[in-house]
Structures are given as C-alpha cells and as structure tokens.
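Inside the fold
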Amino acid sequence: MSAPAATTFDLPPSLHPQETVLEAYSWEGAQAVLVEWEKSHWCGKLRYANTNREQPDTNKLFEEFYALAEADLSPNEPEENWHAILCFNAFTERWPSGTFIGFLTTSSEQPQGFDQIWVEAGQFLRVELSEENQGGIHSLLADTPPQDLSQTMAALAEKLGFPLRTTKLPFAEYFRYGENGSPLGCWLYVPVLSRKK
C-alpha cells in the first residue's frame, strides 16, 4: 500500500497548550497528524538506564511516582486531565535511554521530590491509539513484522516519509482522563524530521 498524501484542510484540533497541528494523513479510516510542539516544561519522575543497552528500571520509577501521591504531593499548575510517559533516546544506543512519567506544567515552582525537565521544540507524528487507527496502521505496515508501540510508530513515520529524530525529543504516550479519573484515551507521539521530498 502506498503512503497517503498530506492534507491541510479540516485538520483535527490541537490537544495540548504546546501543540500546533500542521498536517494530517488519512487512509482506511485511520489518521496520523503532524504537529509541532513549543519548548515545554514538565514535572514528575525521571530515571535513566545504567548503560546504553539497558532499559531504565520502570518498576522503581513508578514506585517513586506513586510515592509522591501517597505523600499528598501534587504538581503546581499541571495540564488538567492529562499525564504522559516520555521515553528519551528510544531510537538510539548512543546514550542511555530514559523514562519520565508526569505532567506538562506552566510553573517551575514545584514541591520537593518532583523532577523537572524541559522538552525542546520540535515536530511529532501523533496517532490516537484507537481500533480504527490500529487497523489502518496494520494495513499500511502489512510487510513489517509486529513490533512494540515505539517501533511501530517509527515504522509508520518512515512509511509516511518522515525520518526519525533520534536525539533530544522523546517518544511520548499521552493519556487523557475524565473528571472522575476514568481513562478516555491514549495518543502516541514519535519525533520526526522534515518530510522527505
């Protein structure tokens, strides 16, 4: 199946304050969206692997993150009803990989115990983790062996003509929740460079 063409008409909305929608790609009921993020500030917990070939201790990371809530610590001025997992150096072994869980925030004044990071400006390919999109991605990548989410998104980006950006920007899983804490969806973001002509 050939790669779908871009459209700049009837674009889906931005989902986050740091996000601007640039283009959309639609095929077989599926959609991928090219977005640009401004430089953004985050607070939560961050852990890096000990070596370039290992993964961070995510069990320890989640323990540390949930310990903040158990201590009645909350971030100041977070993005409401969203949190994210950011994976740094997910597509390279030049540096140790890092995993962050936390919140976009507009304040650098945070309670002690939170890690604070900045994510540089850049472009991402955004895909909602829905049945329609998973079916369309499977069809588009029919010749690609099954992979984890980050590698599937990397393969999708390449299929659409976008080289991966392997440094500085994270692969992101962005989760949305209702007012009562019920999950409403997940969106995946893979960092990309300008599309090949």
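You'll find the structure just up there.
Residues numbered from 1 in each chain as written. Predicted model: local features only at pLDDT ≥ 70, side-chain atom pairs only at ≥ 80, totals over all residues. Heavy atoms only, no water.

**A word on the overall build of the protein**
- The helix and strand tally for the protein stands at three helices and ten strands.
- Listed N to C, the secondary structure of the protein is β-β-β-β-α-β-β-β-β-α-α-β-β in terms of helices and strands.
- By the compact-globule yardstick of 16 Å for 197 residues, the protein fits well, its C-alpha radius of gyration being 17 Å.
- When the backbone C-alpha atoms are referred to their principal axes, the protein occupies close to 50 × 40 × 25 Å.
- Considering the protein as a whole, with its 197 residues, one finds that 46% of them fall into the buried category. (Helix = DSSP H or I, 4+ residues; strand = E, 2+ residues; numbered from the N terminus. Rg over C-alpha atoms; globule rule 2.2 N^0.38 Å. Buried < 20%, exposed > 50% of the residue type's maximum accessible area, 1.4 Å probe, protein only.)

**Remarks on helix α2 (residues 131-140)**
- Listing the buried residues of α2 in full gives N133, G136, I137 and L140. End-on view of α2: buried residues confined to an arc of 100°, all on one side of the axis. Summarising the geometry of α2, the exposed residues directed more than 90 degrees from the buried face are E131 and H138.
- Those residues of α2 that are buried lie in contact with β2 (19-27), β3 (30-37), β8 (122-128) and α3 (149-159). (Arc of directions from axis to C-beta. Contact = heavy atoms within 4.5 Å.)

**Some points on the pairing of strand β4 (residues 40-48)**
- Both β4 and strand β7 (residues 115-119) contribute to a ladder of five bridges, which runs antiparallel. Paired with H41 across the two strands is W118, which belongs to β7.
- Pairing geometry for β4 and strand β6 (residues 98-104), over seven bridges, is antiparallel. Within β6, the residue paired with K45 across the bridge is I101. (Pairing = 2+ DSSP bridges.)

This is a description of form; function is not addressed.
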